[in-house]
Amino acid sequence: MTHPTRREALGVLTAAAAAGVLPLRPEELHAAWSHLAGLRQSGQAYRPRFFQPDEWATLQVLVDMILPADERSGSATEAGVPPFIDFVLAEGTDESARTQVRDGLAWLDAQTQRGGGRTFRESSEDVRSAVLDRIAWPARAAAADAEGVRFFNRLRDLTASGFWSSRTGVEDLQYMGNVMIPQWTGCPPEQLRKIGLEP
């Protein structure tokens, strides 16, 4: 899979939010991270409630392929995205989402096991990437891969939602919050040049 940059992945998330297609509401984000923070504070390890052990292992590989670590921040797994997704699916009321994710993980294994291969998580990076390349861009995907495309779209949205609502993701965005600027002098010239506008 050609790994997207964080900027490209954030662009997908932003476009999805603008279109109103993100799978989670703000209160769902808050409930998930509050629950996970409570577990951390009490010293409890997270135990998956939705995913079976083999699915849990595959999920961790998959979310890190979607958002790997880079020079700026950690991977999706390091940000706590797998527990986030598990909590959302376990607590959520959308049965179709649960079915789609579970069936999608099985679909990935079926694709990599064709011809006597291994499961998705046991396969080489090249084999996993080849399968994801088929489903990561819906406009280019074959009709036979429609189930995989729908699954991957949902999981990518859940991964992005979890990552950029986590502490790691907020730091990755370099979000400063409501910071008072005593005097606005306009957009810095280097930023204008970066977007093709000369000062």
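Please refer to the structure higher up on the page.
Cut-offs and rules
- Residues numbered from 1 in each chain as written.
- Predicted model: local features only at pLDDT ≥ 70, side-chain atom pairs only at ≥ 80, totals over all residues.
- Heavy atoms only, no water.
- Helix = DSSP H or I, 4+ residues; strand = E, 2+ residues; numbered from the N terminus.
- Contact = heavy atoms within 4.5 Å.
- Areas by Shrake-Rupley, 256 points an atom, 1.4 Å probe, with all protein chains shown as cover.
- Buried < 20%, exposed > 50% of the residue type's maximum accessible area, 1.4 Å probe, protein only.
- Core = buried A, V, L, I, M, F, W, Y, C linked by side-chain atoms within 4.5 Å.
- Phe/Tyr/Trp six-rings, centres within 6.5 Å; stacked < 30°, edge-to-face > 60°.

A.B. asks: Help me out: how do you make sense of the overall build of the protein chain in this one?
C.D. replies: In terms of helices and strands, the protein chain carries 9 helices and 0 strands. Tracing the protein chain from N to C terminus, the helices and strands come up as α-α-α-α-α-α-α-α-α. In the protein chain, once contacts between residues fewer than 6 apart in sequence are set aside, the share between residues at least 24 apart is 70%. For the protein chain, the exposed surface amounts to about 11,600 Å²; the carbon and sulfur share of it is 53%.

A.B. asks: I keep staring at the environment of proline 26 and nothing clicks. Help me out?
C.D. replies: Relative to the helices and strands, proline 26 resides in helix 2 (residues 26–41). On the accessibility criterion, proline 26 (61% relative accessible area) is exposed. Along the backbone, proline 26 and serine 165 are 139 residues apart, and their C-alpha atoms lie at a distance of 9.5 Å.

A.B. asks: Any chance you could explain the nonpolar core here in plain terms?
C.D. replies: The nonpolar side chains of soluble globular proteins are, as a tendency, buried together. In this structure, Phe51, Leu62, Ile85 and Leu108 are the most contacted members of the largest nonpolar core, which totals 41 residues. Within the residue set of this core, elements represented by two or more residues are helix 2, helix 3 (53–66), helix 4 (81–91), helix 5 (95–113), helix 6 (125–135) and helix 7 (146–165). Not counting chain neighbours up to four residues away, the residues in contact with phenylalanine 51 comprise Trp56, Leu59, Ile85, Asp86, Leu89, Val101, Arg102 and Leu105.

A.B. asks: Can you walk me through the packing of aromatic side chains in this structure?
C.D. replies: The relation between two aromatic rings is expressed through the spacing of the ring centres and the mutual angle of the planes. Inspection of the entire model under this criterion finds 5 aromatic pairs. Look at tryptophan 33 and phenylalanine 84: their rings are 5.1 Å apart centre to centre, the planes differ by 20 degrees, and that puts the pair in the stacked class. Pair noted here: tryptophan 33 is in helix 2 and phenylalanine 84 is in helix 4, with a separation of 51 residues, a long-range link. Neither tryptophan 33 nor phenylalanine 84 differs from the other in exposure class; each is buried. Ring geometry for phenylalanine 50 against phenylalanine 51: centres 4.8 Å apart, planes inclined by 80 degrees, an arrangement best described as edge-to-face. For phenylalanine 50, a relative accessible area of 8% translates into the label buried. Overall, phenylalanine 51 belongs to the buried group, its relative accessible area being 5%. What links up through ring pairs into an aromatic cluster is the set Tyr46, Phe50, Phe51 and Trp56.

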